[in-house]
Each structure stands twice: as C-alpha cells, then as structure tokens.
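# Structural overview for review
Chain residues, written in single-letter form:
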Amino acid sequence: MGDAPLRELRTALTTAADIASALQAAPTPHDADQLVDVLRQALAAAGSLGAEIGPTGCALHPHGAVDPLHGDPEDPLPPEYGKCLLCNDRRRRADAHHPHPHARPRQHQLSHRRRRLSA
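Predicted, not measured: the structure shown is a model, and the values here were computed from it.

## Observations concerning the side chain of N88
Mapped onto the secondary structure, N88 falls in helix α3 (residues 85-97). Judged by its relative accessible area of 0%, N88 falls in the buried class. In contact with N88, other than residues within four places in its own chain, are D67, L77, Y81, G82 and K83.

## Side note on the nonpolar core
Counting 8 residues, the largest nonpolar core is built from L9, A12, A16, I19, L35, V38, A42 and A45. Mapped by element, the contributors of at least two residues to this core are α1 (4-22) and α2 (29-49). If near-sequence neighbours (up to four positions away) are discounted, I19 is found in contact with D31, Q34, L35 and V38.

## Let's talk about α1
The first and last C-alpha atoms of α1 sit 27 Å apart over 19 residues, in line with the 27 Å expected at 1.5 Å per residue. Residues of α1 that are buried include every one of P5, L9, A12, A16 and I19, and no others. Taken around the axis of α1, the buried residues stretch over an arc of 95 degrees, which confines them to a single face. With respect to the buried face of α1, the exposed residues turned more than 90 degrees away are R7, R10, D18, S21 and A22. Residues of α1 that are buried sit in contact with α2.

## Overview of the packing of α1 against α2
Viewed as axis vectors pointing N to C, α1 and α2 meet at an angle of 155 degrees, and their least axial separation amounts to 8 Å. The angle between α1 and α2 places the two elements in the roughly antiparallel class. Here the hand of the crossing between α1 and α2 comes out left-handed. For the pair α1 and α2, contact is made by P5, L6, E8, L9, A12, L13, T15, A16, I19 and A20 and by D31, Q34, L35, V38, L39, Q41, A42, A45, A46, S48 and L49, respectively. Here the residues of the contact of α1 with α2 sort into 15 nonpolar, 4 polar and 2 charged.

## Considering the side chain of D67
With respect to the helices, strands and loops of the structure, D67 is situated in the loop between α2 and α3. A distance of 2.9 Å separates a polar atom in the side chain of D67 from the backbone nitrogen of L69. A polar atom in the side chain of D67 sits 2.6 Å from the side chain of R92. If near-sequence neighbours (up to four positions away) are discounted, D67 is found in contact with L77, K83, C84, L85, N88 and R92.

## As for the pattern of salt bridges
Note on pairing: side chains with opposite charge can pair once their charged atoms come close. Applying the stated criterion to the full structure yields 2 salt bridges. In this structure, D67 engages R92 in a salt bridge whose closest nitrogen and oxygen atoms are separated by 2.6 Å. In this pair, D67 sits in the loop between α2 and α3 while R92 sits in helix α3, placing the two residues 25 residues apart along the sequence. Judged by its relative accessible area of 3%, D67 is buried. In this structure R92 comes out as partly exposed when scored by relative accessible area, which is 27%. Residues R93 and D89 are paired through a salt bridge, measuring 2.9 Å at the closest nitrogen-oxygen approach.

What counts as what
Residues numbered from 1 in each chain as written. Predicted model: local features only at pLDDT ≥ 70, side-chain atom pairs only at ≥ 80, totals over all residues. Heavy atoms only, no water. Helix = DSSP H or I, 4+ residues; strand = E, 2+ residues; numbered from the N terminus. Buried < 20%, exposed > 50% of the residue type's maximum accessible area, 1.4 Å probe, protein only. Contact = heavy atoms within 4.5 Å. Core = buried A, V, L, I, M, F, W, Y, C linked by side-chain atoms within 4.5 Å. Expected span 1.5 Å × (residues − 1). Arc of directions from axis to C-beta. Axes fitted to C-alpha atoms, helices over the stretch in contact; angles between N-to-C directions. Parallel < 35°, antiparallel > 145°, perpendicular 65-115°, else oblique. Left-handed = near helix turned anticlockwise from the far one by under 90°. Nonpolar A, V, L, I, M, F, W, Y, C, P; charged D, E, K, R; others polar. Polar contact = N/O pair within 3.5 Å; in protein donor to acceptor, adjacent residues only side chain to side chain. Salt bridge = Lys/Arg side-chain N within 4 Å of Asp/Glu carboxyl O.

Here's what the structure looks like:
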C-alpha cells in the first residue's frame, strides 16, 4: 500500500479539526456543511486503507501479476506460496540458492564428496 490514502486521511482529519476548533457557539449552516464534507472525505480515505488488497492479495505488490501456476492442479505451488508472481519468483530464486534440507543432493555433489573421501 502506498502513502497516498494515509496522507489523505491525515489531511482530512487535520482540516476537520481546524474547522471544528474555529466554530463559534452557533455555527452557520455553511460551517456545518463544510465540516460534514471534510469528515466524509476522512471517512472515505479511512475506508480505502484496507481496500488496496489487489488481485494478488499481497501487501507488497497488491496490483502485481498473479502467478500463472496459482491454482493449477497439475503443477501446484508449495503451500507457503501465494498468488503474487513477484513474491513467488523471489521464493523460487531463494530455493534455488538454498535447497531445502530434505532435498536429495544432486549427482555432481555426490561424486564430488566421493572424490574428497577417497583422497
């Protein structure tokens, strides 16, 4: 989520507080309407804070690309993977550099170990 909705909310609340502080004992209808309008803007800004969950459901990339493998029954993603292609790509790269501890060693790793043991 970007800073824009939060900045908009803060601005609207500050403006509402300024208007409310300047009100006299008997505010005019114009002053009351102005305060209501600013409070509606604050309410709309507050409502949009949680609405920025885009198609990926990702907090970092809410409007990023959806991983084409998400929901594929023939080639399922690991359980910890979400719908965000950018985050899944980062996970795939990390897995490629640091294989899971339960993964079988590759053939060239086995032959390298055998050479070291026999030397």
